[in-house]
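Report on the structure
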Amino acid sequence: MKTFIQIAASLIASSFLGSCATNDNPPCRKVSAQEFMRPHTFKGIASDRFIGITKPITPSSKSGKAYKEIWEMGLFYGWAVIWIPVEELPPDYIARVHQQPNRSERR
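About the thresholds
Throughout, residues of each chain are indexed from 1 in the direction in which the sequence is written. Local features in this predicted model are restricted to residues of pLDDT 70 or higher, and side-chain atom pairs are both shown and tallied only at a pLDDT of 80 or more, whereas totals for entire chains, interfaces and linings draw on every residue. Where side-chain values are given, they derive from all heavy atoms of the structure, hydrogens and water being excluded. For the purposes of this entry, the term helix denotes a DSSP run of H or I that reaches at least four residues, the term strand denotes a run of E that reaches at least two, and both are numbered from the N terminus. The buried label applies to any residue whose accessible area, calculated with a 1.4 Å probe on protein chains only, is under 20% of its type's maximum; exposed applies above 50%, and partly exposed to all values in between. The contact rule is simple, with two residues in contact once any of their heavy atoms fall within 4.5 Å. Per-residue accessibility takes into account occlusion by the displayed protein chains alone, with areas from the Shrake-Rupley method and a 1.4 Å probe. Patch rule: a residue counts if its relative accessible area is over 30% and it has no salt bridge; like charges are joined within 9 Å, and nonpolar side chains (Val, Leu, Ile, Met, Phe, Trp, Tyr) within 5 Å. For this document, the term salt bridge refers to a Lys or Arg side-chain nitrogen within 4 Å of an Asp or Glu carboxyl oxygen. The pairing criterion for strands is at least two bridges between them, as found by DSSP. Axis lines are fitted to C-alpha atoms, over the contacting stretch for helices. Their N-to-C directions set the angle, which ranges from 0 to 180 degrees. Here a polar contact means two N or O atoms within 3.5 Å. Within protein one must be a hydrogen donor candidate and the other an acceptor candidate, and residues neighboring in sequence count only if both atoms are side-chain atoms.

**As for the overall build of the protein**
A tally of helices and strands in the protein yields three helices and six strands. The order of helices and strands in the protein, counted from the N terminus, is α-β-α-β-β-β-β-β-α. Per-residue burial for the protein yields a buried fraction of 27% across its 107 residues. A separation threshold of at least 6 residues defines the contact pool for the protein, and within that pool the share at least 24 residues apart is 55%. Carbon together with sulfur atoms contributes 62% to the accessible area of the protein, which is approximately 7,700 Å² in total.

**What about a nonpolar patch on the surface?**
A grouping of M1, F4 and I5 is seen on the molecular surface, where their side chains present a nonpolar patch of about 410 Å² in accessible area. Along the chain, F4 falls in helix α1 (residues 2-20).

**Re the pattern of salt bridges**
Here the idea is simple: oppositely charged side chains can pair when their charged atoms come close. Counted according to the given criterion, the structure contains five salt bridges. Between D48 and K68 there is a salt bridge whose closest N-O contact spans 3.2 Å. Highlighted residues: D48 in strand β4 (residues 48-53) and K68 in strand β5 (residues 65-71), separated in sequence by 20 residues. Overall, D48 belongs to the buried group, its relative accessible area being 3%.

**Some points on the sheet that holds strand β6 (residues 79-85)**
Spatially, β1-β6-β5-β4 is the arrangement adopted by the four strands of the open sheet, whose pairing is mixed. Either end of the sheet is taken by a strand with one partner, and the two such strands are β1 (28-30) and β4. Strand-to-strand twist of the sheet, defined as the mean angle between neighbouring strand axes without regard to direction, takes the value 25°. For β4 and β5, the ladder comprises five bridges, and the chain directions are antiparallel. Opposite G52, over in β5, you have Y67 as the bridge partner.

**Some remarks on the pairing of β5**
With seven bridges joining them, β5 and β6 adopt antiparallel strand pairing. Note that in β6 the partner of K65 across the bridge is P85.

**Remarks on the pairing of β6**
Counting buried positions over the seven residues of β6 gives seven, a clear majority of the element. Alternating residues of β6 divide into W79, V81, W83 and P85 and A80, I82 and I84, and every residue in both groups is buried.

**Some words on the side chain of K68**
K68 gets classed as buried once you look at its relative accessible area, which sits at 5%. For K68, the side chain forms a polar contact with the main-chain oxygen of F36, separated by 2.7 Å. Apart from the residues within four sequence positions on either side, K68 is in contact with F36, M37, R38, H40, D48, R49, F50, I51, A80, V81, I82 and Y93.

Pasting the structure below:
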C-alpha cells in the first residue's frame, strides 16, 4: 500500500509540474510608460521582445496598444505580456522601437 501511495504521489506531482511548464496563456497586464520602456533583463541577459502595435478598435479610440513580451518568473509561467496605450508613449520611442531588433527570440 505504501508503494502504491508513493507511485500515485509521484505521478500526480509530475503531471502537475508538467502542466505548470506550459505557457499557452501568459499573463497580460497594463503598465506605466516607464515600465514599458525600460529594458527587462534576467540575470543580466536581455529578456524582452517588442511584439507590436495594434490598430485602434473603434473610430472613437485615438490609438491602439503597444505590446511587449518579458521574462517574468511566476509559479505557472515564465513569460508575461505587458501593454500600454500608444498615446502614453513618447513619439521618439515609438519610432525607435521598430528599428531595434527584437531581443531574446524564443524558438
